[in-house]
Each structure stands twice: as structure tokens, then as C-alpha cells.
Amino acid sequence: MSEKVVFYQGNEACAEGALYAGCKFFAGYPITPSTEVAEFLARRLPKEGGAFIQMEDEIAAMAAVIGASLTGAKSLTATSGPGMSLKLENLGFACITEVPCVILNVMRGGPSTGLPTGPSQADVMQARWGTHGDHPAIALVPGSVQETFTETVRAFNLAERLRTPVILLTDEIIGHMREKFTIPAKGEIEIWDRPRPTVPPEEYKPYDTSEGIIPPMADFGSGYRWHVTGLNHDETGFPTNIPSLVEPEERRLMAKVTENLDIIEKYEYIEKKGSKVAIVAFGSSARSTRSAIAKAAEGGINVDFLRLVTLWPFPSHVVNEMADKVDVIIVPEMNLGQMIEEVERSVKGKAEVTGVNRADGEPITPDQILEKIREVS
Amino acid sequence: MAFDYDQYLRPGKLPHIWCPGCAHGIVMKSIIRAIDREELEKDNTVIVSGIGCASRMPGYVDFNTLHTTHGRALGFATGVKMAKPSLNVIVVAGDGDALAIGGNHFIHACRRNIDITLIVFNNNIYGMTGGQFSPTTPHGKLASTTPYGNPDYAFDVVELSMGAGASYVARGTAYHAVPLTRLIANGIAHRGFSVIDALCTCPVTYGRRNKLGSGTDMLLWFKGNTVGKKIADKQPEKAEGKIVTGVFKQDEKPEYCDEYAKIIEKVGSQA
């Protein structure tokens, strides 16, 4: 397939990105503002040898995605706040069993039913700590339609390479706005598949880490009969509560992320000469930030900009280095202050940290951010 | 010649976690014999469960096995089956797992008529957590959370399955282990969603509290208090006050993955 220029919604770009990455299975449940992903894939998946299913609820959709992935099919589900809350139980199952899958959460206002048609960025901490127990978390936060496509492809690649669920965290604005973008030609972006076993079935241990911390994963039906359980398990996959076996596995799950930051972390850092103010933002708030920084520059104020493309794991070391240079870090986010806590934690008191917050279902405007820039400059 | 269970059991995984007198082992053996009777390939068979005593069964048997979250086994199983329809998918669940926390998934799996065989290990109680009442605990019975008698009314698994659209519905008991094997084997052979209500016993957390005697007494109770469907149909008076066992429904009805395959065939060429 050669490259193709389209005029798509963010949600459609996610669906197209999933197909590009080799997604063969989608299970979902209708919910605003993510439903377009399901509608798009209901049309396209059967044409591309895949399967689409609308399940009876969000919980079942997440379950089906994990079940499908166990057969070897790259799998996606899409939802928004209330649905994400329901998926968290099985998200934890995917973490501990190390089943690759991608979950799109198009953030809307909350808590509860909140503002179904209004944007929000209030699921920042849910994406990190939503499911119970210690667990690894990867959350990607694209800021445009094009980037929703490329980050969806990257989400699948990371899920496969690291054998872990990956959350795509967009918001109602990114999900519903339309932009022109280019679907790259096939082969232009590298596509990764999960590591699969090369040993004979009788020697296969599903959580054997002798070759590295990401153990090879066998497809159900491929001749490797293995046991998958949400209980803590040993390298053979069977339950164990032996302390000396449990904790190393818990630590390994986390290490899959912390030891692979080179492929997970992604951000855009635009440094200006002599700036004393920096902004950390992502998603649609980053779009307003870009505009505010341009306006500030017109007025002679230089502002550094760290735009996150990967939100979790949070790039603390980058933010910490920023704090060596600037006096103030502004954190605009469509919530009442979530990412700001990570920023504060990262700067370790070296710079003042202040938020621009909005939780009324309206986007943060460039003028709001500009006002804050002027206030602190 | 005695049946060789070892060919289907994972070495080193026994003894099982079930209490003395529990009938789950009998049902497990019926499932194994049914799988053998239907000549399912081990590599091509997936056994899925949720949480609870019955849900520990997949760990003991040598197939592709998936022990999931509470009540969600059918959701996982649906994903497995849809993504790879060539796999044989069997789900095992207790009554609480299948019908309370998993009740929504249960009725929709029935409605969807996807080719999965569900065996409900129905012992009328939450055993693993110590004897709380379940959706099949009879009205008035004692459980740790109904210390003054159960004010709830029980689901009838057979009627619920039929009402929700399952195309094969049967009921057997752990006492009638040989007929139970046949009912399960027929369910596996049936193309569509099959439910087998396998009545079994929990002497430790249910029987003792309700003075139902030992595990053996509870199994023998099935002998005296059940009647086969064919007899019940011909002589209804014989079924009065008794539990009817046998095949209640076996309909030819389009199967979900077959229907989806038709869609793929229809639109696939338009890619």
C-alpha cells in the first residue's frame, strides 16, 4: 500500500493506526466520545481478515481483547472515563499475565457520567494507578490526528515488544477534531510482533526470563499448552505464594518499563534562549500552549516547552533538568491538578511550579496560558 | 480397561485444592471423559475459568488453560473463540461466578449463541470464600451471609439459559457421573452455546450449615430426588417435587462465528 492523504478524526486515525500496526481484533462497547473507533473497525476489520465484536459491557470487551490476544491476534479496545473505570480490573489481569493489548481512553469530564461530550484530561492518575496493586503503566498522549495514528502504531509496538497493556490517552478534542494527515506507506513504520517461543513445546516455560526480562509468548492453539492465571505465578505459569518467587516477578513487571525507557519515552522539547519560564503540557492543552508561547514571544517573553508524547512513565529526569534552567514551570491541564504533582515531584523544589487548570468541559485557551506566563514572568 | 485420566492431567499438579467430600472432582472427570469421547485435540482446546473453587480446575488439566477474573470467563472465552474459531472452547464456572458477578456475560453468551460449552459447577454456595449464599442457594437456606435463612430466590440455570437463547441446555448431577459425561459431550459436539448445569455438592460450607449430611449423603440425595427428562415428560406425576435432569433444549440455530465468517466472506473481497 502506498501512502494516502486523508481528512480524518482523531478517533478514525486511531482505528487506521491500529490496522496499520496489524490489529486483527477489536471488542468494545458504545461510549461517547470514543464510539467512532468501534464504528470504523466494525466496517474495516472483516475486510482485512480480522474480527470486530460489540460486547455486552466494557468489562467483557476488555476480557475479549485479552482472550483474543492470547490466540496471537493484536487487539484493541476503545472507551472513555466510565468505561475505563470498568476495564481496570481486567487491565490488571493483562499486566500480571503479560498479555499485549492496546486500550484507547478518549477522556471526557468526570467523575462518574460527568460531561460525556466535553473534553477533559482528568484521567492522568487513573492511567497510572487505576487498577489495584503495583503494576507497570505506559500511557501515550498524542496531540494531533497524525500523531494519534503514529502513537497508536507505537502503542501496539510497545505492547507487543514489552508484553504489557498500553493505554492511549486522548481527549474529546483530539478524538473528534478533523485534520489532514498522511497514512504512511506500508513498511514505512516498523511493526513489531511479540517474541514467540523457539524452544520445543515440552521445554516451554511461559515466564522463563533466562533470555531476558520479556519472556516469549506462545499463541493458544500453536502446540504450546500453557496455563494463564491472574494469580501470582512462577516461571511455569502456575500459581505460587512463595515470597521468594512472588516479589522478583512483581519487580520484573515494573522493570519491563523502567529498563526500556529508550523505546518508551517520547517528548518534544523546544528550548528558547534565556527563558526563565517553561511549560509542560500534553494533548489538546499542548496545542493551546504552543499558541500561547508564540504570542508570548511576540511580546518578548521566551518560554521553553516540554510537550509529552509519553505521559507514563513520566519523564522526571527531563523535568528535573528543566528546573535547573528556569525559575517557573507552568502546567496547563484540563483537570484540577494531576500531572502537576508529578512535575512538582520531579523538580524537587528547584523551581516554582504553577498550574493552569480547567474542569468545566471547555478547552484551556491560549489566552489563559498567556496570562499565566505574563503573571510569572 | 479403566479410563486413563493421566493423559489429560498435568503431572505434579495434584492433589487439588478441593475439600474432602466436594464433588468438583467428579465433574472434572466427567468433563475429561467427555473431551475424550469427542476426541478433542489437546493443542486445539482451550479451557477458561473465572474465580472460585470450580475455576481452579483448568490448572489441573493439560490444555491451553486460562484462569481469569471473577465472573469474566465468558468474556475472555468469547475473545479466544472469535479470534481463532478453530479452537474448541470450554468454560467452567461455579454458580456465583457464572450467575451473579458473571450474570450479564452469561445471558449475552446465551443470546449470541457462540460455540462455547459452559459447565456450571452448581453447588448452591460460594465455597472458596467460606459459604456465602449464591444465586442458586434455595430460598430459606442458611449461609454465612443468610444466618436467618435466605430471603432471596434462586435462579434456575436451565430456565435462565433457555430464556436467554442458549441452543443446547442440559442438567446433570455429580451422582449421575456417567450420564453427566454424555450431557457434556453432547454440549461439546453441539455447534452453538451450550450450558450444562452440573449439580454438585459442598458439604463443608453448605451441607454442614444446612444439616444435609456428609458429601456421600448429599450425593445420594441426588439419586432419590432427581428424575430424567424423558420420564418427567411422559409421567409428570413422577417428577413432582423433584429435580429434572437431561437435555432440555437442542436447537439448530446459526452459530455466531459462522455468521461472522459469512460477513467476512461477503465484504472481504472489497478490501
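Worth saying up front: this structure is predicted, and the values here are computed from it rather than measured.

**Section: the packing of helix α4 (residues 103-112) of chain B against helix α5 (residues 157-164) of chain B**
All names here are of chain B. Their axes nearest at 8 Å, the elements α4 and α5 cross at an angle of 50°. For the element pair α4 / α5, the angle class is oblique. Of the residues in α5, those in contact with Phe-106, Ile-107, Cys-110 and Arg-111 of α4 are Val-157, Leu-160, Ser-161 and Ala-164. Its residues assigned to classes, the contact of α4 with α5 comprises six nonpolar, one polar and one charged.

**Details of α4(B)**
Residues and elements named next belong to chain B. In terms of burial, α4 is largely enclosed, as seven of its 10 residues are buried. Along α4, the residues that are buried comprise Gly-103, His-105, Phe-106, His-108, Ala-109, Cys-110 and Arg-112. Trailing α4 by a residue or two, Asn-113 shows a phi angle of about 55°, which is positive.

**Overview of the interface of chain A and chain B**
Between chain A and chain B, the contact holds 37 residues from the first and 39 residues from the second. Interface area for chain A against chain B, summed over the two sides, is near 3,100 Å², with a carbon-plus-sulfur share of 60%. When the buried surface of chain A facing chain B is broken down by residue, A:Lys47, A:Glu56 and A:Arg225 rank first, second and third, together holding 22% of it. Inspection of the region where chain A meets chain B yields four salt bridges. In this structure, B:Asp43 engages A:Arg225 in a salt bridge whose closest nitrogen and oxygen atoms are separated by 2.6 Å. Where chain A meets chain B, there are 17 residue pairs in polar contact (both at pLDDT 80 or more). Listing elements by their share of the side of chain A that touches chain B, those giving two or more residues are β3 (51-54), α3 (58-70), α4 (81-97) and β10 (227-229) of chain A. If one sorts the elements of the side of chain A that touches chain B by residue count, α3(A) sits on top with eight residues. The class makeup of the residues in the side of chain A that touches chain B is 21 nonpolar, 10 polar and six charged. Here β10(A) runs beside strand β2 (residues 64-67) of chain B; their pairing, made up of three bridges, is parallel. Looking at β2(B), one finds that A:Thr229 is bridged to B:His67.

Cut-offs and rules
Residues numbered from 1 in each chain as written. Chains lettered and ligands numbered in written order. Predicted model: local features only at pLDDT ≥ 70, side-chain atom pairs only at ≥ 80, totals over all residues. Heavy atoms only, no water. Axes fitted to C-alpha atoms, helices over the stretch in contact; angles between N-to-C directions. Helix = DSSP H or I, 4+ residues; strand = E, 2+ residues; numbered from the N terminus. Parallel < 35°, antiparallel > 145°, perpendicular 65-115°, else oblique. Contact = heavy atoms within 4.5 Å. Nonpolar A, V, L, I, M, F, W, Y, C, P; charged D, E, K, R; others polar. Buried < 20%, exposed > 50% of the residue type's maximum accessible area, 1.4 Å probe, protein only. Buried area = accessible area lost by both parts, 1.4 Å probe. Salt bridge = Lys/Arg side-chain N within 4 Å of Asp/Glu carboxyl O. Polar contact = N/O pair within 3.5 Å; in protein donor to acceptor, adjacent residues only side chain to side chain. Pairing = 2+ DSSP bridges.

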